[in-house]
Amino acid sequence: PAVDAESHTDVLIVGAGPSGLMAAYWMARYGIRARIVDKRPTKVFTGHADGLRMRTLELFDSMGIQHRVDHEAQSAVDVNFWVPGEKGQLMRQGPITPGQAHHSPFHHMLLSQARIEDFILDSIREHSDIEVERGVIAESFHYDETPGEDPNAYPITVQLRRILDDPQEKGQGSQASHSTKPSGFDQSNVPPEDHNNLAEQNQKAHVPNETVRAKYIIGCDGAHSWTRGQLNIPFEGESTEHVWGVIDTIPITDFPDIRRLCTVTSPHGTILVIPREKQLVRLYVPVQIMDEENGRFDRSKITPEAIKARVQAILAPYKFDYQILDWWTAYQIGRRIAPSFSRWNRAFIAGDAVHTHSPKVGLGMNMSMQDGFNIGWKVALVVSGAADPCILQTYHEERHRLAELLLEFDKLWAGMFTQENKPAARGAQGKTESMMQVVEQFQDFADGIKAFYGESPLVCKQSGGVNLTTCNLIPGERVPPVKLRMQAEGNNVWTTRLFESNGQFKLVVLAGDVREVAQKQRLETLSAFLSRSEPPNSSLLTRYSSIRGRSKSLVDVLTVHSAPWPDTEFFHFPEALRPLDPVFGWSYGKIWCDDSCSWDRDCDGRAYEKWGVDRKRGAVFIVRPDQYIGWVGEFEDIEKATKYFDGFLKTSKGE
Ligand code: FAD
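Anyway, here's the lowdown on the structure attached to this text. Remember, it's a predicted structure, so these values are computed and weren't measured experimentally. (Residues numbered from 1 in each chain as written. Predicted model: local features only at pLDDT ≥ 70, side-chain atom pairs only at ≥ 80, totals over all residues. Heavy atoms only, no water.)

Points about helix α4 (residues 113-127)
Here is step 1: Helix length check: α4 (15 residues) gives 22 Å between terminal C-alpha atoms against 21 Å at 1.5 Å per residue, within 8%.
Here is step 2: For α4, the tally of buried residues reaches 11 of 15 residues, placing the bulk of the element in the interior.
Here is step 3: Taken as a whole, α4 has its buried residues at Q113, A114, R115, I116, E117, D118, F119, I120, L121, S123 and I124. (Helix = DSSP H or I, 4+ residues; strand = E, 2+ residues; numbered from the N terminus. Expected span 1.5 Å × (residues − 1). Buried < 20%, exposed > 50% of the residue type's maximum accessible area, 1.4 Å probe, protein only.)

Given below as C-alpha cells:
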C-alpha cells in the first residue's frame, strides 16, 4: 500500500488542461522547480476544444510549435450562413471573411485539443524534466498567512492523492463527454504518440499519496475548480436553459458546405458546422430535451441518435448520416466569472476555473491558454528571485477584464443560436447581418489582437518622447507582427518567431536609417549607454539578476534598422548590439533589417510604417516575455527604460 510522503515544490499547478500546460511551459523555460498534477489518469485523446485563434497561434510561433499546428490543422477563414429563402428552402449566404483587416501571419485554425496539448507537452519536455503527474487529485488545502512575501517560505500545503479512476469521464456537472471507439477508427485517429502516452501512464500505477508544500499554487482545474473552492472565490453567473449536443463525426451527406465553416438555420434550430482534420466534422446542435414532469433538462435523453435526428431535421432536404462517431457530448450553457483571479498574491486560478461560457464562440481554450501564459511567466520570474512579487497583481488586472468581454461576446453570439425558432423574424438577411455585426464588434478581442492591458509595473503607458497617437507599438498590446530580414544572412522571419518566448525581455532598438551620419551617431550613443560598465550595474543588459542555467541576461537586445539591406553590413553596427560569444561567435541573430525580399511578399520592407515609427529616427521598445509591449520611447529616453525595469526586476548581487 502507498505510504504518505512529504515534499516541497516551488510551484504547484493543479490541472493539466490547456491553461495548466501553458503555465507549466514557463516553469520549463525558466527552469523552475514545479509540479503539475491532473486527476485524469490519461491525457485527452479526442473531443473537447478545437478552435485556435490568431493570437494563440502567434504565441505558439513564439514557443516554436506553430509549424506543427500548421502541418495538421484545418483552416477555417470563410464563413457561410445558410438560412431559409422566401420559399423556405435553405439558401447559402456568404462567404464572409472576417478578420482580414488584421495583419497576422496566422488565421483561424481547427485541430483537436489532444494534439494541441501534445505539442505543448513536447515543448515542456524539450526544456525541462517536468512531467504531468496523472491520476493525482489535489485535496485539502491549507494556507499559512504568517510568512507574507518571504521568498523562502512554503505557505501552501496541499494533499495529493493517487486515484486510478476518472470521475470526469463519467460525466460530472452539467456536461457529459464520450469518446466512442468504433472498430478501426480510434486507432487511426489517435496518433501513435498518444498510444505511447497511454501505455506509459498505465505503468506508473503506485505513486504514494503525498503532502506537498509549495510557495505558489496555480489552479488550472477547470469549470468545477477545486482550487477556486479552496480559495473561497465565488463563481458568479448562472446556467441558462439552453442545452446543446456536440458530435464529432465523419458525415455522409449531400449538404454542399459540410467541409466549410458555416451555420445553418431552419425552423428546427441553428447548427454550427466545423470542418476538422482527418475528414472529421464537428456539429453543435440545439437539443432542448426537457423532462416533461419537472420541466428540467434531462441529459439522459440526449444521445448521439437524438442529436443526429435534429441535424437531419435542420439540414433537410439534404441527407445526413454517419458511420463513424469519434466523440460526442451534451452541455448546458453556464455563463460564470470569478470576481477575483488570485489570493494573497500566492494562489492563482486560470482558464475555465475563472470563466465559463458556451463553447460555440470557440474561445474557452484560447482564453485559458492565454491566462496560463500570462500568469506562468510572472510566477516563474518571481520564484526565480529575479522579479518583485508586485508583478503578480497584474495577472488579475490584465485577464479579468478580458474574461468579462468573453462573457459579453458569448451572450450575444450564443443568443444568435437560441433565437433559432424565429429565423424569419428579421428575415434571412437580417439574421446574417446580426451575426456578422456581433462577430465584427468582438473581432479584435476574440482574435486576441487587442489585449487592453492597463498601466502597471509591467506596462508603462506614459512612454518616452514617441508620439503614441501615430505609433502602433502600444504599451499593453501585442507587437503587430511583421516580417524582417536578418542582416547577416538576408533570410526572413516573422517577429512572432523572432521574439521567442524564452523568458527574456526584448529591448528592440529600431535603429532607423543607419546610412545617415547623425542617426549613426545617435545609435553609437545609445549603444555606449547599453554597454557601459561604470558605475557597476549601470547597463540594463547586465544590471538585473540572471536566471541560473537559462539565459545570460534577463534583457536581450535586438536591432532592426531601416536602411536597404544591401547598403549596410552586420559589422557596421556597434558591438554592444551584436556581441561576441567566446564559444558561439558573433550574434548574427541580433541585427535585423526592414527591407523587402523578392521571394516573399509578406516581407515587404514596411515594418516601420506598420509600427508607425519614423524610418529615419527609429525608436526603442520593450517586449515582455509574453510578447506584449511594456514600454516605448526614443533613443534618448533609454534611462526611462532602465526605470521601467527597476520597477520590478531585482538588480544583480541583490543590490
Ligand atoms: P480544463 O481543460 O477543464 O482542464 C482542467 C483539468 O484540471 C482537467 O484535466 C481536470 O482533470 C483537472 N482537475 C480538476 N480538478 C482537479 C483536482 N482537484 N486535482 C487535479 N486535477 C484536477 N475552447 C476554444 O477555445 N475553442 C473551441 O473550439 C472550443 N470548443 C469546445 C467544445 C466543447 C464541446 C467543449 C466542452 C469545450 C470547448 N472549448 C473550446 C472550451 C475549452 O475546452 C475549455 O475552455 C478549455 O479546455 C479550458 O482549459 P482549462 O485548462 O482551463 O481547463
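So, the site of the ligand
Here is step 1: In the vicinity of the ligand there are 37 residues, among which S19, D38, D50, D352 and M365 approach most closely.
Here is step 2: Backbone polar atom of P18 to an oxygen atom of the ligand: 3.1 Å apart, as the coordinates give it.
Here is step 3: Within the side chain of S19, one N or O atom sits 2.8 Å away from an oxygen atom of the ligand.
Here is step 4: Surface burial for the ligand is 92%, taken as the share of its 990 Å² of free accessible area covered by protein chains.
Here is step 5: The set of elements that each furnish at least two residues to the shell around the ligand consists of α1 (18-30), β2 (34-38), β9 (136-143), β16 (281-286), β17 (320-337) and α9 (364-383).
Here is step 6: For the shell around the ligand, the leading source of residues is α9, giving four residues.
Here is step 7: Taken together, the residues of the shell around the ligand sort by class into 15 nonpolar, 15 polar and seven charged.
Here is step 8: Here the shell around the ligand gathers at least three residues from each of two domains, domain 1 (5-74 + 105-237 + 335-419 + 427-442) and domain 2 (239-332). (Near = heavy atom within 4 Å. Polar contact = N/O pair within 3.5 Å; in protein donor to acceptor, adjacent residues only side chain to side chain. Areas by Shrake-Rupley, 256 points an atom, 1.4 Å probe, with all protein chains shown as cover. Nonpolar A, V, L, I, M, F, W, Y, C, P; charged D, E, K, R; others polar. Domains from an automatic or database assignment.)

So, the nonpolar core
Here is step 1: Residues F60 and L381 are the most contacted members of the largest nonpolar core, which totals 146 residues.
Here is step 2: Broken down by element, the residue count for this core peaks at 11 residues, all from α9.
Here is step 3: Other than its neighbours up to four places away in sequence, L381 contacts Y30, A386, A387, I391, F505, I547, L554 and L649. (Core = buried A, V, L, I, M, F, W, Y, C linked by side-chain atoms within 4.5 Å. Contact = heavy atoms within 4.5 Å.)

Things to note about the sheet that holds strand β7 (residues 109-110)
Here is step 1: With antiparallel pairing, three strands are arranged side by side in an open sheet as β3-β7-β4. With one partner strand each, in any of the chains shown, β3 (51-52) and β4 (74-75) form the two edges of the open sheet.
Here is step 2: Relative to β7, β4 runs antiparallel, the two sharing two bridges. Each bridged residue has a counterpart across the sheet, and for Q74 the counterpart in β7 is L110. (Pairing = 2+ DSSP bridges.)

Some thoughts on unusual backbone geometry
Here is step 1: The omega torsion of the bond from G94 to P95 falls at 5 degrees, within 30 degrees of zero and hence cis.
Here is step 2: Relative to the assigned elements, P95 resides in strand β6 (residues 90-96).
Here is step 3: Between A316 and the following residue, P317, the backbone shows a cis peptide bond with an omega angle of 15 degrees.
Here is step 4: Along the chain, P317 turns up in the loop between α8 (304-315) and β17.
Here is step 5: Even without being glycine, N345 reaches a positive phi, approximately 60 degrees.
Here is step 6: Turning to its location among the elements, N345 is positioned in the loop between β18 (342-343) and β19 (347-349).

What to know about the packing of aromatic side chains
Where two aromatic rings form a pair, the distance of their centres and the angle of their planes describe that pair.
Here is step 1: Going through the model one piece at a time under the given rule, you end up with 27 aromatic pairs.
Here is step 2: Seen in terms of ring centroids, Y644 and F645 are 5.2 Å apart; in terms of plane orientation they differ by 65 degrees. Their pairing is edge-to-face.
Here is step 3: Classification of Y644 as buried rests on a relative accessible area of 6%.
Here is step 4: For F645, a relative accessible area of 0% gives the class buried. (Phe/Tyr/Trp six-rings, centres within 6.5 Å; stacked < 30°, edge-to-face > 60°.)

Examining helix α15 (residues 638-646)
Helical geometry note: an α-helix holds 3.6 residues per turn, so side chains three or four residues apart project in the same direction.
Here is step 1: Along α15, the residues classified as buried are I638, A641, T642, Y644 and F645. Viewed along the axis of α15, the buried residues span an arc of 155 degrees, placing them on a single side of the element. In α15, those exposed residues whose orientation departs by more than 90 degrees from the buried face are E639 and K643.
Here is step 2: Of the surrounding secondary structure, the elements contacted by the buried residues of α15 are β23 (505-512), α13 (517-531), β24 (555-561), β30 (619-623) and β31 (629-633). (Arc of directions from axis to C-beta.)

Some words on the side chain of R29
Here is step 1: By the secondary structure assignment, R29 is in helix α1.
Here is step 2: Side-chain polar atoms of R29 contact the backbone oxygen of S501, separated by 3.4 Å.
Here is step 3: With residues up to four places along the chain from it excluded, the contact list for R29 reads H127, E500, S501, N502 and R550.

With respect to the packing of helix α2 (residues 54-63) against α9
Here is step 1: Between α2 and α9, the least distance of the axes is 10 Å, while the angle of their chain directions is 45 degrees. Relative to α9, the element α2 lies oblique. You can see that α2 and α9 cross each other, and the crossing is left-handed. Mapping the contact onto sequence places R55, T56, L59, F60, S62 and M63 in α2 and N366, M369, Q370 and F373 in α9. (Axes fitted to C-alpha atoms, helices over the stretch in contact; angles between N-to-C directions. Parallel < 35°, antiparallel > 145°, perpendicular 65-115°, else oblique. Left-handed = near helix turned anticlockwise from the far one by under 90°.)

What to know about the pattern of salt bridges
Here is step 1: A complete count under the given rule lists 46 salt bridges for this structure.
Here is step 2: Through salt bridges with shared partners, a single network forms among D50, D248, R276, E277 and R282. (Salt bridge = Lys/Arg side-chain N within 4 Å of Asp/Glu carboxyl O.)

Read these as geometric descriptors, not functional statements.
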